[in-house]
Amino acid sequence: MKLAPFQKTFINLPSNCTHMKWEDWEPFYLRIVREMGYSIEEDRKSAELLRSLLLEGDEYILREELDAVIGRKAYVFGAGPSLENALKEFDFSDGTLISADGATTALLDFGLVPDVIVTDLDGRISDIKLANDKGSFLVVHAHGDNRDKLVSYVPFLSRILGTCQTEPLDIIYNFGGFTDGDRAVFLAEELGAREITLVGFDFGDIVGKWSKPSLKEHSLVWESKRKKFEFARELLEWLEKNGRARIEYLSPELMD
Ligand SMILES: Nc1ncnc2c1ncn2[C@@H]1O[C@H](COP(=O)(O)OP(=O)(O)OP(=O)(O)O)[C@@H](O)[C@H]1O
Ligand SMILES: Nc1nc2c(c(=O)[nH]1)N=C(CO)CN2
Ligand SMILES: [Mg+2]
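Source: prediction; values computed, not measured. Sequence order sets the numbering: in each chain, residues are counted from 1 along the sequence as written. Key to labels: chains lettered from A, ligands numbered from 1, both in the order written. For this predicted model, a pLDDT threshold of at least 70 governs which residues receive local features, and a threshold of 80 or more governs which side-chain atom pairs are given and counted, while totals over whole chains, interfaces and linings are taken from all residues. As a convention, hydrogens and water are excluded, and side-chain values are obtained from all of the structure's heavy atoms.

Caption draft 1: Spatial organisation of the site of ligand 1. By nearness alone, 25 residues border ligand 1, and Asp122, Asp180, Ser211, Lys212 and Lys228 come closest of all. Distance and chemistry together define a polar contact, namely a pair of N or O atoms within 3.5 Å, with one atom able to donate a hydrogen and the other to accept it when in protein, and with adjacent residues in sequence counting only for side-chain atoms on both sides. Within the side chain of Thr179, a nitrogen or oxygen atom sits 2.8 Å from an oxygen atom of ligand 1. A distance of 2.8 Å is found between a nitrogen atom of ligand 1 and a backbone nitrogen or oxygen belonging to Phe203. Using a 1.4 Å probe, the Shrake-Rupley method yields the accessible areas, and only the shown protein chains count as cover for residues. Bound to the protein, ligand 1 loses 97% of the 600 Å² it would expose on its own. Only helix H8 (180–190), strand E8 (206–207) and helix H9 (223–242) provide two or more residues apiece to the shell around ligand 1. Of the residues contributing to the shell around ligand 1, the split by class is 8 nonpolar, 8 polar and 9 charged. Neighbouring residues are identified by heavy atoms, a residue being near a molecule or strand if any of them is within 4 Å of it. Comment: elements are numbered from the N terminus, with helices defined as DSSP H or I runs of at least four residues and strands as E runs of at least two. Charged residues are taken to be Asp, Glu, Lys and Arg, nonpolar residues to be Ala, Val, Leu, Ile, Met, Phe, Trp, Tyr, Cys and Pro, and polar residues to be all remaining types, Gly included.

Listed below in structure tokens is the structure:
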């Protein structure tokens, strides 16, 4: 999709432009890199790489375009085991559908095309591409460990908003949040959703089978994933306290 030329004027966004401001995010981020063993420099290089790829490809969008897509009510779909029953039993037609990466596969299986997919491109890429071709907007995240995926896949995808976890660049945003799931909730809140229902956000000991293409079934959580879940929960609690949206969980207890 080509943008009108005037929209390509780059502006350096003021730091108070996002609800989770850099000053709020930075302490979380510093704890995350320390605990997870990430390199800030590698994360920064990845953000620069995504910026170059997006500028070369001419398929990037600015936040204003997503503002128009995300309504007051939004459902954010995570890849926890309860997702399947939730998709069977509930109707989601009254809100914007935002899927976190691997959850996209489950939505497609139920005939739903997400309005927005939030991904670091480690979900099943054929499904992300299929949904993108059917109209899903993509929010693609750059971090130090997915540069190969950015290079391989970004040139073949459309309608992409770029995000990073280091300092934002002109067309690469940082709305706060860490894993695809909690980042999707931060994005929804920032872009205007005021009632956000989280579906398939079980966290816990079992990772949903949609989370990684290599998983054939729901699997016992591994150590790095457990740490990711802990940060994701903490960040969501922060947003519940400090954000402007009512956040609720479609509880796994309601399932079965
Ligand atoms: N039990 C669960 N299993 C899987 N995903 C879950 C679960 N509970 C909540 N989620 C959310 O659903 C999202 C699904 O996205 P995905 O599995 O691709 O993760 P990710 O953030 O890319 O992590 P990783 O880098 O480990 O793949 C997660 O980011 C997480 O926030
Ligand atoms: N450097 C780095 N950053 C990340 C990673 C990751 O594996 N490495 N995974 C994420 C999604 O959960 C979010 N951020
Ligand atoms: Mg992912």
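Caption draft 2: Representation of the pairing of strand E4 (residues 137–142) within the structure. Per-residue accessibility, obtained with a 1.4 Å probe over protein chains only, is compared with the maximum for each type, and a residue is labelled buried under 20%, exposed over 50%, and partly exposed between these values. Extensive coverage of E4 is indicated by the burial of 6 of its 6 residues. Running through helix H6 (residues 125–133), the crossover from strand E3 (residues 116–119) to the neighbouring parallel element E4 is right-handed. Should DSSP find at least two bridges between two strands, the strands are regarded as paired. Two strands pair when backbone bridges link them, and E4 and strand E5 (residues 160–164) are joined in this way by 5 bridges, in the parallel orientation. Counted as the bridge partner of Val140 is Gly162 from E5. Call a crossover right-handed when, viewed with both strands pointing away from you, the route from the first strand across the helix to the second goes clockwise. Handedness of the crossover joining E4 and E5 through helix H7 (residues 147–153): right-handed.

Caption draft 3: Representation of the packing of aromatic side chains in the model. Pairing of aromatic side chains requires ring centres within 6.5 Å, counting the rings of Phe and Tyr and the six-membered ring of Trp. Pairs whose planes differ by under 30 degrees are stacked, by over 60 edge-to-face, and all others tilted. Scanning the model with the defined rule gives 10 aromatic pairs in all. With a centroid separation of 6.1 Å and 90 degrees between ring planes, the pair formed by Phe178 and Phe231 is classed as edge-to-face. Of this pair, Phe178 sits in the loop between strand E6 (172–173) and H8 while Phe231 is found in helix H9, placing the two residues 53 residues apart along the sequence. The class of Phe178 is buried, set by a relative accessible area of 6%. Taking 5.3 Å as the distance between ring centres and 70 degrees as the angle between the ring planes, the aromatic pair formed by Phe203 and Phe229 counts as edge-to-face. Taken together, the residues Phe203 in the loop between strand E7 (195–199) and E8 and Phe229 in helix H9 connect sequence positions 26 residues apart. No difference in accessibility class separates Phe203 from Phe229, as the two residues are buried. Three or more aromatic residues joined by ring pairs make a cluster, and in this case those are Tyr38, Phe178 and Phe231. Counted as over-ring charges are cases with an Arg CZ or a Lys NZ within 6 Å of the ring centre that also lie within 35 degrees of the ring normal. Against the face of Phe137 rests Arg159, its NZ or CZ located 5.6 Å from the ring centre.

Caption draft 4: Just the UniProt feature "domain: 6-hydroxymethylpterin diphosphokinase MptE-like" (unreviewed entry) in the chain, in detail. UniProt positions are given in the numbering used here, feature names are shortened, and annotations may be inferred rather than shown by experiment. As annotated by UniProt and renumbered to match this structure, "domain: 6-hydroxymethylpterin diphosphokinase MptE-like" (unreviewed entry) occupies residues 71–205. Between the end C-alpha atoms of residues 71–205 the distance is 33 Å, and the span holds 30% helix and 24% strand.

Caption draft 5: Up close: the coordination of the magnesium ion (ligand 3). Because water is not among the atoms used, a metal site may look incomplete, as its donors are only the N, O and S atoms within 2.8 Å, or 3.2 Å for Na, K and Ca. Looking at the metal site, the magnesium ion (ligand 3) is ligated by Asp101 (OD), Asp120 (OD), Asp122 (OD) and Asp180 (OD), spaced 2.0 to 2.1 Å from it. Each donor residue of the magnesium ion (ligand 3) belongs to the same chain, and together they define the spacing D-x18-D-x1-D-x57-D. Of the two residues, Asp101 sits in the loop between strand E2 (96–100) and helix H5 (103–109) while Asp122 sits in the loop between E3 and H6, which places them 21 residues apart along the sequence.

Caption draft 6: Broad picture of the packing of helix H1 (residues 22–36) against H9. Relative orientation of the contacting elements H1 and H9 amounts to 170 degrees, with a least axis distance of 11 Å. Taken together, the axes of H1 and H9 lie roughly antiparallel to each other. Side by side, H1 and H9 meet where Asp24, Trp25, Phe28, Arg31, Ile32, Glu35 and Met36 of the first sit next to Ser224, Lys227, Lys228, Phe231, Glu234, Leu235 and Trp238 of the second. Its residues placed into classes, the contact of H1 with H9 shows 7 nonpolar, 1 polar and 6 charged. Structural elements are reduced to axes, namely lines fitted to C-alpha atoms, with helices fitted over the stretch in contact, and the angle between N-to-C directions of any two is expressed from 0 to 180 degrees. Oblique is the label for any angle not under 35 degrees, not over 145, and not in the 65 to 115 range, which are roughly parallel, roughly antiparallel and roughly perpendicular in turn. Residues count as neighbours in contact if any of their non-hydrogen atoms are within 4.5 Å of one another.

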